[in-house]
Structure formats: structure tokens, C-alpha cells
Amino acid sequence: RLSVCTFFAICMYNICFLEEGLFMKRKIRERARRGSGEFIGFSISIIFLLYLFLLVLSFTIYEISSQKIQNVSREVARDAIVCQSLEEARNVVNLEAKTYLGPNKNIKKVRTKVNYSEDVEEKWVKGGLIDVEISATIKTYEPITTKRVHSITTIMIERTEEDD
């Protein structure tokens, strides 16, 4: 049996505990409201910093891929000058450019052109000049830096059909 005093004591303890619990919940809510502005600012700054990191990474990918296209353009131009005709040079440049640039997953849509240089007789003769052009799209993680790059190498023909 519970006496009235014991019952009253238990009720008062529960009421005090409930009020204290409600009071603590209010304090937590107030702290959360005050901290929500800081959390939002922190979230925005993290997103901005991650975007800047992505932008730096994209520019790095763009520069490395652009340099690779220029190097391949010079390399295949050296292989083209020892061909015996313009058609053979076009085939060699197309095949080698796609072979060298194919494994790179950031370089897409490779196109090649081999033409006689301007102000030069359009004939495959030793000492003549040809333009080897390689163009490709560089895909990065960010749309601003995804662009098409052109690399043109002008080089002198070293071999003709008469040299054989």
C-alpha cells in the first residue's frame, strides 16, 4: 500500500523529471537553431571547395591531354615524312594517331588531316612541306574545360617514290 505522502513524492519526482526533460529538449532545439546557420555555411563552403578542387583537377587533365596530342602530332608527322605518297602518309597518320591516343580515356573523337603546306607545290617531292593536323576532344570532369584541341605540325618530306 502506498501512503499519500509516497504517492505525492513519486508524482512530484515524475513532474520534475518531465519538466527537466522538456527544458533540456528546448535547450537542444535552441542550440540546433543557433548552429544551423553555421552548418549551412560550412556545407556551402565545403561544396565550393570541392568544386574548386574539381576545377583544378579538370585543368590538369586538360593540360596533360593537350600536351599528349601535341607530342603525338610531332611523332606521327615524323613517321609521315618517310612515306612514299600523300595517301600513304594520310593512312599512316590516321592509324598511328588513333593507336597512340586510343588508350587515353580523356581524349575522344580523334580526327587527322595531312595536306600540303600553303605556298608549296602540291606534289610529293623531297624537300616539300606537309601539314599534319590532329584534332581531338578532351573530356574532363567539368564542362567548362571540355574542349576540342587542334595541333598542327609542319614538316619537310624526306622520301619519295624515286628514292627506292
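Conventions we followed
Residues numbered from 1 in each chain as written. Predicted model: local features only at pLDDT ≥ 70, side-chain atom pairs only at ≥ 80, totals over all residues. Heavy atoms only, no water. Helix = DSSP H or I, 4+ residues; strand = E, 2+ residues; numbered from the N terminus. Buried < 20%, exposed > 50% of the residue type's maximum accessible area, 1.4 Å probe, protein only. Contact = heavy atoms within 4.5 Å. Areas by Shrake-Rupley, 256 points an atom, 1.4 Å probe, with all protein chains shown as cover. pLDDT = per-residue confidence, 0-100. Patch = residues over 30% accessible without salt bridge, like charges linked within 9 Å, V, L, I, M, F, W, Y side chains within 5 Å. Salt bridge = Lys/Arg side-chain N within 4 Å of Asp/Glu carboxyl O. Lys, Arg positive; Asp, Glu negative; His and termini not counted. Charge placed at Lys NZ, Arg CZ, Asp CG, Glu CD. Polar contact = N/O pair within 3.5 Å; in protein donor to acceptor, adjacent residues only side chain to side chain. Core = buried A, V, L, I, M, F, W, Y, C linked by side-chain atoms within 4.5 Å. Pairing = 2+ DSSP bridges.

Engineer: Could you clarify how one ought to interpret the overall build of the chain in this entry?
Structural biologist: Broken down by element type, the chain carries two helices and three strands. Counting helices and strands in the order they occur from the N terminus, the chain gives α-α-β-β-β. Expressed as a percentage of its 164 residues, the buried residues of the chain come to 27%. Considering only intrachain contacts with a sequence separation of at least 6, the fraction spanning at least 24 residues in the chain is 64%. Accessible area for the chain stands at about 12000 Å²; split by element, carbon and sulfur atoms hold 60% of it.

Engineer: Any chance you could explain the confidence of the model for the chain here in plain terms?
Structural biologist: Segments scoring low in pLDDT should not have their predicted coordinates read at a detailed level. With 73% of its residues at a pLDDT of 70 or more, the chain shows a mean pLDDT of 77. Looking over the chain, one finds the lowest element-wise mean pLDDT in helix α1 (residues 4-80), namely 72, and the highest in strand β2 (residues 129-138), namely 88.

Engineer: Explanation requested: a positive patch on the surface in the structure shown.
Structural biologist: There is a patch of like positive charges on the surface, built from K105, K108, K109, R111, K113 and K139. With a relative accessible area of 36%, K108 lands in the partly exposed category.

Engineer: What should I look at first to understand a nonpolar patch on the surface in this one?
Structural biologist: On the surface, F42, I46, F48, L49, L50 and L52 cluster together to form a nonpolar patch covering roughly 600 Å² of accessible area. By the secondary structure assignment, I46 is in helix α1. On the accessibility criterion, I46 (34% relative accessible area) is partly exposed.

Engineer: How should the environment of T112 be read in this particular structure?
Structural biologist: By the secondary structure assignment, T112 is in strand β1 (residues 107-116). Placed 14 residues apart in sequence, T112 and K98 show a C-alpha to C-alpha distance of 9.0 Å. In this view, T112 contacts V93, N94, A97, E133 and I134; residues no more than four positions away in its chain are not counted. At 3.5 Å, the side chain of T112 forms a polar contact with the side chain of N94.

Engineer: Hey, could you run me through the pattern of salt bridges in this one?
Structural biologist: Throughout the structure, instances matching the rule amount to two salt bridges. Here R78 ties to E75 by a salt bridge, and the two come within 3.1 Å at their closest N and O atoms. Remark: E75 and R78 occur in helix α1; sequence separation between them is three residues, near one turn of the helix. Judged by its relative accessible area of 32%, E75 falls in the partly exposed class. Between R90 and E87 there is a salt bridge, with its nearest N and O atoms 3.0 Å apart. Of this pair, R90 and E87 both sit in helix α2 (residues 86-101), three residues apart, which is roughly one turn of that helix. Among the residues examined, R90 registers a relative accessible area of 29% and is labelled partly exposed.

Engineer: Can you help me understand the nonpolar core in this one?
Structural biologist: One recurring pattern in soluble globular proteins is that nonpolar side chains are buried together. Formed by 26 residues in total, the largest nonpolar core has its most connected members in I69, W124, I130 and I134. Listing elements by their share of this core, those giving two or more residues are α1, α2, β1, β2 and β3 (147-156). With six residues, the top contributor of residues to this core is α1.

Engineer: What is the right way to look at the pairing of β2 in this model?
Structural biologist: It is a general feature of regular strands that their side chains alternate between the two faces of the sheet. The buried fraction of β2 amounts to eight of the 10 residues, a majority that puts the element mostly inside the structure. With 10 bridges connecting them, β2 and β3 associate as antiparallel partners. Within the sheet, the bridge partner assigned to V132 lies in β3 and is T153.

Engineer: Hey, could you run me through the side chain of S73 in this one?
Structural biologist: In this structure, S73 sits in helix α1. Judged by its relative accessible area of 0%, S73 falls in the buried class. Looking at S73, its side chain comes within polar contact range of the side chain of S151, at 3.5 Å.

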